[in-house]
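# Secondary and tertiary structure notes
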Amino acid sequence: MRHPFEPARLISGVTALTVGTGYGLDALGAWDAPGPWLFFALPFGLVLSGITAAVWATARRRRQSQHS
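Residues numbered from 1 in each chain as written. Predicted model: local features only at pLDDT ≥ 70, side-chain atom pairs only at ≥ 80, totals over all residues. Heavy atoms only, no water.

Turning to the overall build of the protein chain, a few remarks are in order. Scanning the protein chain from N- to C-terminus turns up two helices and zero strands. Its C-alpha radius of gyration of 17 Å places the protein chain more than 25% over the 11 Å reference for a compact globule of 68 residues. Counting only C-alpha atoms and orienting by the principal axes, one finds that the protein chain spans roughly 55 × 30 × 10 Å. Across the 68 residues of the protein chain, 15% fall into the buried class. Summing over all exposed atoms, the protein chain offers an accessible surface of approximately 5700 Å²; the carbon and sulfur share of this is 68%. (Helix = DSSP H or I, 4+ residues; strand = E, 2+ residues; numbered from the N terminus. Rg over C-alpha atoms; globule rule 2.2 N^0.38 Å. Buried < 20%, exposed > 50% of the residue type's maximum accessible area, 1.4 Å probe, protein only. Areas by Shrake-Rupley, 256 points an atom, 1.4 Å probe, with all protein chains shown as cover.)

Turning our attention to the pattern of salt bridges. Scanning all chains against the criterion turns up one salt bridge. Among the ionic pairs, Glu 6 bridges to Arg 9, the shortest N-O distance being 3.2 Å. Here Glu 6 falls in the partly exposed class, since its relative accessible area comes to 34%. (Salt bridge = Lys/Arg side-chain N within 4 Å of Asp/Glu carboxyl O.)

It is worth spelling out the packing of helix α1 (residues 7-28) against helix α2 (residues 37-67) at this point. Running from N to C, α1 and α2 cross one another at 175°; their axes reach a closest spacing of 8 Å. Comparing the axis directions of α1 and α2 gives the class roughly antiparallel. Judged by residue contacts, Pro 7, Ala 8, Ile 11, Ser 12, Thr 15, Val 19, Gly 22 and Tyr 23 of α1 engage Leu 38, Phe 39, Ala 41, Leu 42, Gly 45, Leu 46, Leu 48, Ser 49, Thr 52, Ala 53 and Trp 56 from α2. Among the residues making up the contact of α1 with α2, the classes are represented as 13 nonpolar, six polar and no charged. (Axes fitted to C-alpha atoms, helices over the stretch in contact; angles between N-to-C directions. Parallel < 35°, antiparallel > 145°, perpendicular 65-115°, else oblique. Contact = heavy atoms within 4.5 Å. Nonpolar A, V, L, I, M, F, W, Y, C, P; charged D, E, K, R; others polar.)

By themselves, these figures tell us nothing about what the structure is for.
Take a look at the structure:
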């Protein structure tokens, strides 16, 4: 069975991978993470994911009501 596309989960996952990779590279000394950038990247990504989920849900409801 196919799973429905959920862009909010995609954004959350990419955000988590990016922040984790950034902290990992900083810990290895391969990259010097710029101050609070990584610290603020996770909340920003989660807020963006929440907005995306709200917009996506609204669009799906409107599309379903038009087909009914």
